[in-house]
Amino acid sequence: MIDHIGLAVSDLERSRTFYAAALKPLGYALIGEPFENETGGRVVMFGVGGQPDFVIADGERPGEGNHVAFGVATRPEVDAFHAAALQAGGRDNGGPGLRPRYGANYYAAFVLDPDGFNIEAVCHAAE
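So, a few notes on the structure that sits alongside this text.

Rules used throughout
Residues numbered from 1 in each chain as written. Predicted model: local features only at pLDDT ≥ 70, side-chain atom pairs only at ≥ 80, totals over all residues. Heavy atoms only, no water. Helix = DSSP H or I, 4+ residues; strand = E, 2+ residues; numbered from the N terminus. Buried < 20%, exposed > 50% of the residue type's maximum accessible area, 1.4 Å probe, protein only. Contact = heavy atoms within 4.5 Å. Areas by Shrake-Rupley, 256 points an atom, 1.4 Å probe, with all protein chains shown as cover. Lys, Arg positive; Asp, Glu negative; His and termini not counted. Charge placed at Lys NZ, Arg CZ, Asp CG, Glu CD. Expected span 1.5 Å × (residues − 1). Arc of directions from axis to C-beta. Phe/Tyr/Trp six-rings, centres within 6.5 Å; stacked < 30°, edge-to-face > 60°.

**Quick look at the overall build of the protein chain**
Logical step 1: When helices and strands are tallied, the protein chain shows 2 helices and 9 strands.
Logical step 2: Secondary structure elements of the protein chain occur, N-terminal to C-terminal, as β-α-β-β-β-β-α-β-β-β-β.
Logical step 3: Scored against the burial criterion, the 127 residues of the protein chain give a buried share of 39%.
Logical step 4: Across the protein chain, the fraction of contacts at a sequence separation of at least 24, relative to all contacts at a separation of at least 6, is 52%.
Logical step 5: Of the roughly 7000 Å² of accessible surface on the protein chain, 57% is carried by carbon and sulfur atoms.
Logical step 6: Averaged over its 9 positive side-chain charges, the protein chain has a centre that lies 6 Å from the centre of its 17 negative ones.

**Let's talk about helix α1 (residues 12-23)**
Logical step 1: Relative to the 16 Å expected for 12 residues at 1.5 Å per residue, α1 spans 16 Å between its end C-alpha atoms, a close match to the ideal helical length.
Logical step 2: For α1, every residue scored as buried is listed here: Leu12, Ser15, Arg16, Tyr19 and Leu23. Along the axis of α1, the buried positions cluster into a sector of 105°, meaning they face one direction only. Facing away from the buried side of α1 by over 90 degrees, the exposed positions are Arg14, Thr17 and Ala21.
Logical step 3: In the core, the buried residues of α1 are packed alongside β1 (2-8), β2 (29-36), β3 (42-48) and β4 (51-57).

**So, the side chain of Asn37**
Logical step 1: As for its position among the elements, Asn37 is in the loop between β2 and β3.
Logical step 2: Exposure remark for Asn37: the relative accessible area of 10% places this residue in the buried category.
Logical step 3: Setting aside residues up to four positions removed in sequence, Asn37 forms contacts with Val43, Ala57, Arg101 and Tyr102.

**Description of the packing of aromatic side chains**
Logical step 1: One pass over the full model with this rule turns up 5 aromatic pairs.
Logical step 2: A ring pair is formed by Phe35 and Tyr102, whose centres lie 5.7 Å apart and whose planes are at 65°; its orientation type is edge-to-face. Here Phe35, found in strand β2, pairs with Tyr102, found in the loop between β7 (97-98) and β8 (107-112); they are 67 residues apart in sequence, far enough to count as distant.
Logical step 3: The class for Tyr102 is partly exposed, based on a relative accessible area of 24%.
Logical step 4: The structure contains a cluster of three or more aromatic residues connected by ring pairs, namely Phe18, Tyr19, Phe46 and Phe54.

All quantities given are derived from atomic positions and should not be read as evidence of function.
If you want it as structure tokens, here you go:
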């Protein structure tokens, strides 16, 4: 299951305004205020019912910061994804662990695929 999709944008405020208007008829709303991510970029999250599933961020060139996050049920699945991806030739982009800035139980791992796209597995369960 895809958990969320993230896009790198060149102008965060312009894109925030655009997506807020364009996604409103689909039931999407801005979730929280922009915050800084690990790379120093600013992040804006949108979602339906308070669950973010579409994210935009600056700090990376459009195309480079795009990523797909796969939702999984357990933290060991995140660990297994990371190990398998590295074994298959992926490059580490953030080992398994909690990312509290994204949520109290946000346990994720990131790898870069052969083309450099950021692929994530995330578990939202508490332990």
